[in-house]
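Chain by chain, the residues run as shown.
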Amino acid sequence: MTYGFETLAIHAGQAPEPRTGAVVAPIYQTSTYAQDAVGQPRLGYEYSRSSNPNRDALQECLAALEGGPRALAFASGLAAEDTLLRAVCQPGDHVVIPDDAYGGTYRLFARVAERWGLDWTAADVSDVDAIRAAVTAHTRVVWLETPTNPLLGIADIAALAQLTHEREALLVVDNTFASPYLQQPLALGADVVVHSTTKYLGGHSDVVGGALVFANAELADEVAFYQNAMGAINGPFDAWLTLRGLRTLGVRMDRHCDNAERVADLLTRHSAVSQVIYPGLPGHPGHETAAKQMRRFGGMVAFRAAGGEEHAIQVCNRTKVFILAESLGGVESLIEHPGRMTHASAAGSPLEVPSDLVRLSVGIETIDDLLTDLSEALA
Ligand SMILES: Cc1ncc(COP(=O)(O)O)c(C=O)c1O
């Protein structure tokens, strides 16, 4: 029998603990495990960098939700990205990256991986021809975000999977903004899904983490070697917290989407806003592709302030329910100025963001309170 998404979120990897029947697994806050004899670790557990029951449970649930044979959990989204890159690429390889992406991801490629000998080209992921033109004979990975952070560009995952595989490269999709409830890249042909589980998967802004989910078990096993060898794992309590968040992912995402639709509608009608960017709006250039590959359009909304950068900053400073903070995907609404905050590291690069841009992570509070808060801040 195959179970639905919400059932998997609550049960995959989460059978009651056999000894006591505890419905929620205890936190195995241990670094090491007693062995039955030399060379005979009990249930395979030796040392918590290599494996821990809380991380195993989280990984099993993540794999079930993304529809892959195996997932690996890490200390942060960037730790997951770094481990993947150094596992699948070698110095001299080339990677295509989005020309709109999380600033920290850009920094990882431009300031860390480049020094290590990895070449990269930034291209518009919403334009298949632009990605085709960016691929070289040395391209090992095409790296997508969809929707992109912060400009909410939409990449056609199936079309880019075909293109990437024709060139014998790997398609990696950062699914942080959508979550597996809204979009399942592996089913569309991606090879690896990346998550900052800090965001919607954890969902409560109380834990930092990352994950990789694989379409292919052999590739997963190879990267698992690097997970242990490089050591960027998450701890037992972090894994436990993230799994607690995952259980309610479906209901949270539906409310995030309901609220984001109402916020986008309000902003569209507001004279102090020059442009609203939300893939759910029919005028968004990626709307049709998003409708084809996403269940709904997500909880992230961006807009440009008609009064320019100073006005954008004022709006960010003025909201009361929307908290001025980096990050996204928690139950509480957040507002930020990407140019000066999350994407400051992309200044002067092909990934620089407009200075009048405001990014909203629309939470699951009472919608009327969110609309009033934004209206007052924009006035
Ligand atoms: C789309 C996206 N990917 C990756 C990351 C990096 O994740 P972390 O902050 O957990 O390292 C972020 C962080 O904001 C993000 O927004």
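Scroll up for the structure.
Conventions we followed
Residues numbered from 1 in each chain as written. Predicted model: local features only at pLDDT ≥ 70, side-chain atom pairs only at ≥ 80, totals over all residues. Heavy atoms only, no water. Helix = DSSP H or I, 4+ residues; strand = E, 2+ residues; numbered from the N terminus. Rg over C-alpha atoms; globule rule 2.2 N^0.38 Å. Buried < 20%, exposed > 50% of the residue type's maximum accessible area, 1.4 Å probe, protein only. Contact = heavy atoms within 4.5 Å. Areas by Shrake-Rupley, 256 points an atom, 1.4 Å probe, with all protein chains shown as cover. Lys, Arg positive; Asp, Glu negative; His and termini not counted. Charge placed at Lys NZ, Arg CZ, Asp CG, Glu CD. Near = heavy atom within 4 Å. Polar contact = N/O pair within 3.5 Å; in protein donor to acceptor, adjacent residues only side chain to side chain. Nonpolar A, V, L, I, M, F, W, Y, C, P; charged D, E, K, R; others polar. Salt bridge = Lys/Arg side-chain N within 4 Å of Asp/Glu carboxyl O. Pairing = 2+ DSSP bridges. Axes fitted to C-alpha atoms, helices over the stretch in contact; angles between N-to-C directions. Right-handed = clockwise from strand over helix to strand, strands pointing away.

Within the protein chain one finds 13 helices and 14 strands. Its C-alpha atoms give the protein chain a radius of gyration of 21 Å, within 12% of the compact-globule value 21 Å for 379 residues. Seen along its three principal axes, the alpha-carbon backbone of the protein chain occupies a region of about 70 × 50 × 40 Å. With 379 residues in all, the protein chain has 55% of them scored as buried. Taking all contacts inside the protein chain whose residues are at least 6 apart in sequence as the whole, residues at least 24 apart take part in 72%. Here the protein chain has roughly 15,700 Å² of accessible surface; of this, 51% comes from carbon and sulfur atoms. Where the 27 positive side-chain charges of the protein chain centre and where its 45 negative ones centre are 4 Å apart.

This part is about the site of the ligand. Lining the immediate surroundings of the ligand are 14 residues, of which G77, D174, S196, T198 and K199 lie closest. A distance of 2.9 Å separates an oxygen atom of the ligand from a polar backbone atom of L78. D174 places a side-chain nitrogen or oxygen 2.6 Å from a nitrogen atom of the ligand. Ranked by the residues each element gives to the shell around the ligand, the list is headed by helix α3 (residues 77–88), at three residues. Among the residues forming the shell around the ligand, the class breakdown is three nonpolar, seven polar and four charged.

Glancing now at the pattern of salt bridges. One pass over the structure, following the stated rule, counts twelve salt bridges. Salt bridges sharing common partners tie together D254, D258, E261 and R296.

A separate point is the sheet that holds strand β3 (residues 70–74). The strand order across the open sheet built from seven strands is β3-β9-β8-β7-β6-β4-β5, with neighbouring strands paired in mixed fashion. Unpaired on one side and paired on the other, β3 and β5 (119–123) mark the two borders of the sheet. In this sheet, neighbouring strand axes are inclined to one another by 20 degrees on average, regardless of whether the strands run parallel or antiparallel. Alignment of strand β4 (residues 94–98) against β5, held across five bridges, turns out to be parallel.

On the secondary structure map, R19 appears in the loop between α1 (5–11) and β1 (35–37). A residue is classified by how much of its surface remains accessible, and R19, at 76% relative accessible area, is exposed. When the C-alpha atoms of R19 and V38 are compared, they prove to be 25 Å apart, with 19 residues separating the residues in sequence.

Assignment of secondary structure puts D265 in helix α10 (residues 249–268). Residue classification places D265 among the partly exposed positions, given a relative accessible area of 37%. Considering only alpha carbons, one finds D265 and A9, 256 residues apart in sequence, at a separation of 31 Å.

Okay, the pairing of strand β7 (residues 170–174) next. In regular strands, side chains alternate between the two faces of the sheet. Among the five residues of β7, five are classified as buried, and the element is accordingly described as predominantly covered. By the alternation rule, side chains of β7 split into L170, V172 and D174 and L171 and V173, which are all buried. Examined bridge by bridge, strand β6 (residues 139–145) and β7 share five bridges and lie parallel to one another. Pairing of W143 across the sheet is with V172, part of β7. In terms of handedness, the path from β6 via helix α6 (residues 157–166) over to β7 forms a crossover that is right-handed.

The element helix α4 (residues 103–113) is largely enclosed, with a buried count of eight among its eleven residues. Here α4 has its buried residues at G103, G104, T105, Y106, L108, F109, A110 and A113. Summarising the contacts, the buried residues of α4 are in contact with α3, β4, β5 and β6.

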